[in-house]
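Each chain, written out:
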Amino acid sequence: MTPYKAWCVFIINHEDEGYEIAYADTRNEAKYKVLDDECKTNGNLCNDDSLEYLDLSARRLKACDGLGDEPLSVVAETAVKEAGWTWNIDGVEYTADDISDEESLEEFKSLFDE
């Protein structure tokens, strides 16, 4: 069973380099999941073999709690709409305003390989 808690994992002092979402019981477990490429998202941090445990930090992403078994599109929608995230897909930034109507939301969700 996937842990309930969602975590936003990032590089300490370099949050602008991206985030990963990991489902874990603790902050430490979330950081290890990113290092082991076991996170929900599969971004730059998951694929960076130069990162070490001490390079990373994590904060709770409570808006996405309990969504670990849901498709990534559902997690992304929740992060954007409820946690105020922007979501970058192929260089295009999506905000809550960009997916506020049903048609644009469906277009956004169709961009995920699920």
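As the structure is a prediction and not an experimental result, all values here were calculated from the model.

Novice: Can you help me understand the nonpolar core in this one?
Specialist: The nonpolar side chains of a soluble globular protein tend to be buried with one another. Counting 20 residues, the largest nonpolar core has Ile21, Tyr23, Leu61, Cys64, Trp85, Trp87 and Phe108 as its most contacted members. Of all the elements in the fold, those that place two or more residues in this core are strand E1 (6-11), strand E2 (19-23), helix H2 (72-83), strand E4 (87-89) and helix H3 (102-110). Sequence-distant contacts of Ile21, defined by excluding residues within four places in its chain, comprise Trp7, Cys39, Lys40, Thr41, Leu61, Val75, Trp85 and Trp87. By size, the runner-up hydrophobic cluster in this structure holds 13 residues, among which are Trp7, Val34, Cys46 and Leu51.

Novice: When you look at the sheet that holds E1 in this model, what are you seeing that I'm missing?
Specialist: Hydrogen bonds between backbone groups are what pair the strands of a sheet, and the pairing can be parallel or antiparallel. Spatial ordering of the open sheet is given by E2-E1-E3, a layout of 3 strands whose pairing is antiparallel. Of all strands in the sheet, those bounded by a partner on one side alone are E2 and strand E3 (56-60). Across the sheet, the mean angle separating the axes of adjacent strands is 30° when strand polarity is ignored. Strand direction decides the pairing type here: E1 and E3, joined by 5 bridges, are antiparallel. Residue pairing for E3: Trp7 is matched across the bridge by Arg60. The strands that helix H1 (residues 27-35) touches are E1, E2 and E3; relative to E3, the one it contacts most, it runs at about 125°.

Novice: It is not clear to me how H2 should be interpreted in this structure. Could you clarify?
Specialist: Given 3.6 residues per helical turn, the α-helix brings residues three or four places apart onto the same face. Within the span of H2, buried status applies to Ser73, Val75, Ala76, Glu77, Thr78, Ala79 and Val80. Contacts from the buried residues of H2 go to E2, E4, strand E5 (92-94) and H3. Gly84 occupies a position one or two residues after H2 and carries a positive phi of about 75°.

Novice: Just to check I follow, could you spell out the packing of aromatic side chains for this structure?
Specialist: Ring pairs (aromatic) are described by centroid distance and by the angle formed between their planes. Evaluation of the coordinates by the stated rule reveals 7 aromatic pairs. With 5.2 Å between their ring centres and 55° between their planes, Tyr94 and Phe108 make a pair best called tilted. With Tyr94 in strand E5 and Phe108 in helix H3, this pair connects stretches of sequence that are 14 residues apart. When its relative accessible area of 0% is taken as the criterion, Phe108 is described as buried. Of the aromatic side chains, those joined through ring pairs into one cluster are Phe10, Tyr19, Trp85, Trp87, Tyr94, Phe108 and Phe112. Sitting above the plane of the Tyr53 ring, Lys31 keeps its charged end 3.9 Å from the centroid. If you follow Arg60 out to its NZ or CZ, it ends over the ring of Trp7, 5.4 Å from the centre.

Novice: Explain a negative patch on the surface here, please?
Specialist: A contiguous patch of negative charge, built from Asp101, Glu102, Glu103, Glu106 and Glu107, is present on the exposed surface. With respect to the helices and strands, the residue Glu106 is situated in helix H3. Judged by relative accessible area, Glu106 falls into the partly exposed class, the value being 42%.

Novice: Would you mind showing me how to read the pattern of salt bridges here?
Specialist: A side chain of one charge can pair with a side chain of the opposite charge when the charged atoms of the two come close. Counted according to the given criterion, the structure contains 4 salt bridges. Across the pair Arg60 and Asp65 runs a salt bridge, and its minimum N-O distance is 2.7 Å. Three or more residues joined by partner-sharing salt bridges are found here, namely Glu77, Lys81 and Lys109.

Definitions and limits used
Residues numbered from 1 in each chain as written. Predicted model: local features only at pLDDT ≥ 70, side-chain atom pairs only at ≥ 80, totals over all residues. Heavy atoms only, no water. Core = buried A, V, L, I, M, F, W, Y, C linked by side-chain atoms within 4.5 Å. Buried < 20%, exposed > 50% of the residue type's maximum accessible area, 1.4 Å probe, protein only. Helix = DSSP H or I, 4+ residues; strand = E, 2+ residues; numbered from the N terminus. Contact = heavy atoms within 4.5 Å. Pairing = 2+ DSSP bridges. Axes fitted to C-alpha atoms, helices over the stretch in contact; angles between N-to-C directions. Phe/Tyr/Trp six-rings, centres within 6.5 Å; stacked < 30°, edge-to-face > 60°. Lys NZ or Arg CZ within 6 Å of the ring centre and 35° of its normal. Patch = residues over 30% accessible without salt bridge, like charges linked within 9 Å, V, L, I, M, F, W, Y side chains within 5 Å. Areas by Shrake-Rupley, 256 points an atom, 1.4 Å probe, with all protein chains shown as cover. Salt bridge = Lys/Arg side-chain N within 4 Å of Asp/Glu carboxyl O. Lys, Arg positive; Asp, Glu negative; His and termini not counted. Charge placed at Lys NZ, Arg CZ, Asp CG, Glu CD.

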